[in-house]
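Here are the chains, one letter per residue:
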Amino acid sequence: MHLIACTDNRMGMMFNHRRVSRDYETALKIIEMVNGSPLYMSPYSLSFFQGVQTDVRFVTSLTFLSEAGPTDFCFLEDADIYPYEDSIRSITLLRWNRLYPSDRKLQINWRRWELVSTEEFPGRSHEKITKEVYRYVQP
């Protein structure tokens, strides 16, 4: 699967059961990345895309990580990837370039991943958002 997550500078994603931030331009960037493919996520994450006009099919389920296939895209905010880490082939981080209070962080063994591209773009609520794409490196 291809994992997409939004994080702060310490990999923080959520605080007190709420996402640490949201940005309309970031939602558009994710829609562009999936290029018409279904996007798997938890039911909570659907609100991240509120107000975005798209024909992308959002697949929401509490067990979305186990339902996604090898080429599917998953948007991660409020789930643990530990049991599914070996199924992930690429990770796209959209970084807020800030520090937010967080109690849920993206936890992954980064020694198994290689940064392959970086792009910066302006958001509506963040002056600069950084998109980082990582690919899995065989141990």
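See above for the structure.
So, a few notes on the structure that sits alongside this text.

Now for the overall build of the chain. Looking only at helices and strands, the chain features 2 helices and 10 strands. Helices and strands appear in the chain in the N-to-C order β-β-β-α-β-β-α-β-β-β-β-β. Rg of the C-alpha trace for the chain: 14 Å, near the compact-globule value of 14 Å for 139 residues, within the 12% margin. Principal-axis analysis of the C-alpha atoms gives the chain an extent of 40 × 30 × 30 Å. Per-residue burial for the chain yields a buried fraction of 49% across its 139 residues. Of all intrachain contacts in the chain linking residues separated by at least 6 positions in sequence, the fraction that spans at least 24 positions is 69%. Counting every atom, the chain has about 7,500 Å² of accessible surface; 48% of that belongs to carbon and sulfur.

Right, let's talk about the pairing of strand S7 (residues 90–95) for a bit. S7 sits mainly inside the fold: 6 of its 6 residues count as buried. A two-sided burial pattern is seen for S7, the buried positions comprising Ser90, Thr92 and Leu94 on one face and Ile91, Leu93 and Arg95 on the other. With 6 bridges joining them, strand S1 (residues 2–7) and S7 adopt parallel strand pairing. Directly across from Ile4, in S7, lies its bridge partner Thr92. Sheet topology note: the S7/strand S10 (residues 129–136) ladder contains 6 bridges and is antiparallel.

Turning next to the sheet that holds strand S3 (residues 18–19). Spatial ordering of the open sheet is given by S3-S2-S8, a layout of 3 strands whose pairing is antiparallel. Among the strands making up the open sheet, the edge pair consists of S3 and strand S8 (104–105). As paired strands, strand S2 (residues 12–15) and S8 are joined by 2 bridges and run antiparallel to one another. Along S8, the bridge assignment pairs Gly12 with Lys105.

All right, on to unusual backbone geometry then. Its identity is not glycine, yet Asn16 carries a phi of approximately 55°, on the positive side. Structurally, Asn16 is set in the loop between S2 and S3. Here Asn16 falls in the partly exposed class, since its relative accessible area comes to 41%.

What follows deals with helix H1 (residues 24–34). For H1, the full list of buried residues reads Thr26, Ala27, Lys29, Ile30, Ile31, Met33 and Val34. A positive phi of about 50° marks Asn35, the residue just after H1.

We now examine the sheet that holds strand S4 (residues 39–41). Note: strands within a sheet are paired through backbone hydrogen bonds, in either parallel or antiparallel orientation. Strand order across the open sheet formed by 7 strands is S5-S4-S6-S1-S7-S10-S9, with mixed pairing between neighbours. Two strands bound the open sheet, and with one partner strand each, they are strand S5 (58–60) and strand S9 (113–121). Sheet twist, expressed as the average angle between the axes of neighbouring strands with direction ignored, equals 25°. Contacting S1, S4, S5, strand S6 (73–76), S7, S9 and S10, H1 runs over the sheet at an angle of about 170° to S1.

One broad trend across soluble globular proteins is that nonpolar side chains are buried collectively. Judged by nonpolar contacts, the single largest core of 23 residues is most densely connected at Leu3, Leu65, Cys74, Leu76, Ile81, Ile91 and Leu106. Elements with a minimum of two residues in this core: S1, S2, helix H2 (64–67), S6, S7 and S10. Discounting chain neighbours no more than four positions away, the residues touching Leu106 are Leu3, Ala5, Thr7, Met11, Met13, Leu76, Ile81 and Leu93.

Rules of the game
- Residues numbered from 1 in each chain as written.
- Predicted model: local features only at pLDDT ≥ 70, side-chain atom pairs only at ≥ 80, totals over all residues.
- Heavy atoms only, no water.
- Helix = DSSP H or I, 4+ residues; strand = E, 2+ residues; numbered from the N terminus.
- Rg over C-alpha atoms; globule rule 2.2 N^0.38 Å.
- Buried < 20%, exposed > 50% of the residue type's maximum accessible area, 1.4 Å probe, protein only.
- Contact = heavy atoms within 4.5 Å.
- Areas by Shrake-Rupley, 256 points an atom, 1.4 Å probe, with all protein chains shown as cover.
- Pairing = 2+ DSSP bridges.
- Axes fitted to C-alpha atoms, helices over the stretch in contact; angles between N-to-C directions.
- Core = buried A, V, L, I, M, F, W, Y, C linked by side-chain atoms within 4.5 Å.

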